[in-house]
Amino acid sequence: MLDTPARLGRVLAQQITSGSATLVLLPHNDLGTTLAPVLAAALDAALLTEVTTARRVNGNLQLSRSALGGRLAESRVWDGSRPLIITVPVRLLSQVLLPSIKPSTPQVTAWQPAPKADDSVATVVSRIPPDPQTVDLTDAEVIFSAGKGCDPATFGKLMELCKLLNVSFGVTRPVFDLGWTGFERMVGQTGRTVTPRLYLALGISGSMHHVGGIKDAKRIVAVNSDPKAPIFPNSDEGFVADLREVIPRLLDKARQACGGAA
Amino acid sequence: MPYQDLNILVLLRECSDPRPPAKAITRGAGISDRGLRQIANPADLSALEEAIRLKESLGASVTALAIGPERLDDLLRLAASMGADRCIRFWDHGLDGSDAVADARVLARIVHILAPKLLFTGSRLLDRGDDPAPALAAAMEAIPCLAAVTDLRLNKNSVAALRKVDRGGRQEVTAPFPCAVLFEEVAVSRYPTVDAVAAAVRAPVEKWRLADLGLPFWEVGATGAYLTLAEFGVPRLDPVRVVTPDAQLPTFERILSLLSGGIKAREGKLRTGSADELSAGIWQVLQEEGIAP
């Protein structure tokens, strides 16, 4: 049913009506933004997307979203007379849970809608996964990042390793300053703030500006020849090693595993 | 492939250029006009360019539509100079203060009257970001909607599109005619010739009013909105967790922990050994994550 999100929206609308829900929250992602208008049309509901804040004002709910490129906040009031559909950008959610919010256990209901062919809606024919070599670093799943501890020869081998293993590569500010890559590959607070599943920091000392840009990575593995490098306390696993020795070995393993050169 | 009756409706919207400084006027009743520049939404111009290309290649007829006051005639004349066949501007008294639902009602009604095979517009607005009104209008008219489209191909009775999805992925989607297509800002809009611009100065712009749509006034504008505009204000700053430094630490470490902005120390397991052992250890990590075979 995920291949026909409009039909999914109609089925959800029936469930929402039978459950007498008045407020529907959706993530502001591809599926959420596709479902929200379908639900709003089916339920004759109010609709507001990319909501950043919500608070009670005089018994009504006041919702805000960004306007003018984020310079201003536009607030709208919902009086509760009709259902409301909102989408919330996950990245904009506050990392801090306010003390007034008490965690609760939601009731989860599962149901299986009857499959039904419908030619009048948009249908997903195929899904093309992102290409790690060209995808924006903020969307990358796995990043191998090179720091100043990487010499030009090792950097070339690292690029080959990234191609063989089909992962994205990033660099730190000093490597970007050397002109080895474009700005779009720079990781850190002044470059891209990334959230990959695995971040492999190679020859990176771990300055605060760089670590600030990777702190939300799920797993950070660092390789550095200096055991006192600040990257190690900020990583899940550290390897004290010389990149000139480690990268060629990893490249050989990758070549063997992938059955030849890239 | 001949398309005898391929009529495309392109919705053009203006937006505030977010680059100049802006501020809210007294008590957040609106945005100060001083220094604020209204420009054509770039993604909408990309959609217009796609429509004009279909006109040139397949003989489609292109209608440009703008919803707003008289100054939008300039936007429609730009569309005419780029190659639009017909320009329509809809506006009436009391249409200010609407929300997505009220906007969508107007657009859905226009789509119902003109019955285009394709409705084109931009996927996002430069100033506000996401605008659900076109997708909502499509849902009200029960026509499929494809958002974030980067490439479009027409088949005999359907469209096939390539669209952007989450985390850099893409999808190939198909939808039957009629359908709404919301374009990403991919196609670079053409620069009209001087002759075309001169000819467009006299291009007729049809002015539609509420009576032409047959919509009651209470369904549009502020009266038809389900969400009332409260105010424009300064965005609330996101709360940031402040680290309480350990009083036992030296001063430098305490200042460092405050400046770190909540960077939490991790396990920091250190492994030492020969290059072979360490590269085997890193390879094992890659295997655990499913990267290495």
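What counts and what doesn't
- Residues numbered from 1 in each chain as written.
- Chains lettered and ligands numbered in written order.
- Predicted model: local features only at pLDDT ≥ 70, side-chain atom pairs only at ≥ 80, totals over all residues.
- Heavy atoms only, no water.
- Helix = DSSP H or I, 4+ residues; strand = E, 2+ residues; numbered from the N terminus.
- Rg over C-alpha atoms; globule rule 2.2 N^0.38 Å.
- Contact = heavy atoms within 4.5 Å.
- Areas by Shrake-Rupley, 256 points an atom, 1.4 Å probe, with all protein chains shown as cover.
- Buried < 20%, exposed > 50% of the residue type's maximum accessible area, 1.4 Å probe, protein only.
- Lys, Arg positive; Asp, Glu negative; His and termini not counted.
- Charge placed at Lys NZ, Arg CZ, Asp CG, Glu CD.
- Axes fitted to C-alpha atoms, helices over the stretch in contact; angles between N-to-C directions.
- Parallel < 35°, antiparallel > 145°, perpendicular 65-115°, else oblique.
- Left-handed = near helix turned anticlockwise from the far one by under 90°.
- Nonpolar A, V, L, I, M, F, W, Y, C, P; charged D, E, K, R; others polar.
- Buried area = accessible area lost by both parts, 1.4 Å probe.
- Salt bridge = Lys/Arg side-chain N within 4 Å of Asp/Glu carboxyl O.
- Polar contact = N/O pair within 3.5 Å; in protein donor to acceptor, adjacent residues only side chain to side chain.
- Pairing = 2+ DSSP bridges.
- Phe/Tyr/Trp six-rings, centres within 6.5 Å; stacked < 30°, edge-to-face > 60°.
- Patch = residues over 30% accessible without salt bridge, like charges linked within 9 Å, V, L, I, M, F, W, Y side chains within 5 Å.
- Domains from an automatic or database assignment.

A count of helical and extended segments in chain B gives nine helices and 15 strands. At 26 Å, chain B has a C-alpha radius of gyration far larger than the 19 Å of a compact globule built from 293 residues. Projected onto its principal axes, the C-alpha coordinates of chain B cover approximately 75 × 55 × 40 Å. Nonlocal contacts in chain B, meaning residues at least 24 apart in sequence, comprise 71% of its contacts between residues at least 6 apart. When the accessible area of chain B is evaluated, it comes to approximately 14900 Å², of which 53% is carbon and sulfur surface.

Another point: the overall build of chain A. Along the backbone of chain A there are six helices and 12 strands. Here the C-alpha radius of gyration of chain A, 24 Å, is well above what a compact globule of 262 residues would show, namely 18 Å. The buried share among the 262 residues of chain A stands at 47%. Charge-centre separation for chain A: the mean point of 27 positive side chains lies 4 Å from the mean point of 23 negative side chains.

Let us look at the packing of helix 1 (residues 5-18) of chain A against helix 2 (residues 30-43) of chain A. All names here are of chain A. Direction vectors running N to C along helix 1 and helix 2 enclose 50 degrees, while the axes themselves pass 8 Å from each other. With respect to each other, helix 1 and helix 2 are oriented oblique. The handedness of the crossing between helix 1 and helix 2 comes out as right-handed. Here helix 1 contributes P5, A6, L8, G9, R10, L12, A13, I16 and T17 to the contact with helix 2, which in turn contributes L31, T34, L35, V38, L39, A42 and L43. Residues that form the contact of helix 1 with helix 2 fall into these classes: 12 nonpolar, three polar and one charged.

Moving on, we get to the interface of chain B and chain A. At the interface, 86 residues of chain B touch 93 residues of chain A. When chain B packs against chain A, close to 7300 Å² is buried across both sides, 59% of that on carbon and sulfur atoms. The tally of links between chain B and chain A comes to nine salt bridges. E74(A) is paired through a salt bridge with R128(B); the nearest N and O atoms lie 3.0 Å apart. Applying the counting criterion to the chain B and chain A interface returns 36 residue pairs in polar contact (both at pLDDT 80 or more).

Okay, the pattern of salt bridges next. Tallying each qualifying case throughout the model produces 34 salt bridges over all chains. With a closest N to O distance of 3.0 Å, E289(B) and R219(A) form a salt bridge. Taken as a pair, E289(B) in the segment after helix 9 (275-288) and R219(A) in strand 11 (residues 219-224) lie in two separate chains rather than in one. Across the pair, exposure class does not vary: E289(B) and R219(A) are buried alike.

Moving on, we come to the sheet that holds strand 15 (residues 269-271) of chain B. Here six strands make up an open sheet; going across it, the order is 9(A)-8(A)-10(A)-11(A)-12(A)-15(B) and the pairing parallel. Each edge of the open sheet carries a strand with a single partner, namely strand 9 (168-171) of chain A together with strand 15 of chain B. Shown here is a sheet whose adjacent strand axes are inclined to one another by a mean of 20 degrees, direction ignored. Examined bridge by bridge, strand 10 (residues 198-202) of chain A and strand 11 of chain A share five bridges and lie parallel to one another. In the sheet register, L202(A) faces strand 11 of chain A, and the bridge partner there is V223(A).

Residues and elements named next belong to chain B. As enumerated under the stated definition, the model contains four aromatic pairs over all chains in all. Taken together, a centroid distance of 5.4 Å and an interplanar angle of 80 degrees make the contact between F217 and W218 edge-to-face. Taking the relative accessible area as the measure of exposure, F217 reaches 56% and is therefore exposed. The exposed category is assigned to W218, whose relative accessible area is 54%.

Moving on: a nonpolar patch on the surface. Together, L97(A), L98(A) and I101(A) make up an exposed nonpolar region whose accessible area comes to about 280 Å². Mapped onto the fold, L98(A) is located in the loop between strand 6 (84-88) and strand 7 (123-128).

On to the environment of E289(B). Under the relative-accessibility criterion, E289(B) is labelled buried at 16%. Residues E289(B) and D5(B), 284 residues apart in the sequence, show an inter-C-alpha distance of 54 Å. If near-sequence neighbours (up to four positions away) are discounted, E289(B) is found in contact with R197(A), L198(A) and R219(A).

A separate point is the domain arrangement of chain B. For chain B, the domain assignment lists domain 1 (7-219) and domain 2 (251-288). Spacing between the C-alpha centres of domain 1 of chain B and domain 2 of chain B amounts to 51 Å.

Our next topic: the pairing of strand 10 of chain A. Residues and elements named next belong to chain A. Among the five residues that make up strand 10, five are buried, leaving the element largely enclosed by the rest of the structure. Burial of strand 10 is two-sided: the residues L198, L200 and L202 facing one way and the residues Y199 and A201 facing the other way are all buried. Relative to strand 10, strand 8 (residues 142-146) runs parallel, the two being bridged by five bridges. Residue A146 lies in a different strand from strand 10, and its bridge partner there is L202.

All right, on to unusual backbone geometry then. Residue and element names in this part refer to chain B. The omega torsion across F177 and P178 is -15 degrees, close enough to zero to call that bond cis. A positive phi angle, near 55 degrees, is found at A148, a position not held by glycine. Of note, A148 is situated in strand 9 (residues 145-154). For R167, which is not a glycine, the phi torsion comes out positive at approximately 50 degrees. Position of R167 relative to the elements: it lies in the loop between strand 10 (158-164) and strand 11 (170-176). Overall, R167 belongs to the partly exposed group, its relative accessible area being 31%.

The next point concerns the sheet that holds strand 4 (residues 61-67) of chain B. Consider a sheet: its strands pair through backbone hydrogen bonds, and that pairing is either parallel or antiparallel. The strand order across the open sheet built from 10 strands is 7(A)-11(B)-10(B)-9(B)-12(B)-6(B)-1(B)-4(B)-5(B)-13(B), with neighbouring strands paired in mixed fashion. The two strands at the open ends of the sheet, each matched to only one other strand, are strand 7 of chain A together with strand 13 (205-208) of chain B. For this sheet, the mean inter-axis angle between neighbouring strands, taken without regard to orientation, is 35 degrees. Packed on one face of the sheet, helix 3 (residues 100-114) of chain B meets strand 1 (7-12), strand 4, strand 5 (86-90), strand 6 (118-122) and strand 13 of chain B and runs near 160 degrees to strand 1 of chain B. Of the strands in this sheet, strand 1, strand 6, strand 9 and strand 12 (179-183) of chain B are in contact with helix 4 (residues 133-140) of chain B, which crosses strand 12 of chain B at around 170 degrees.

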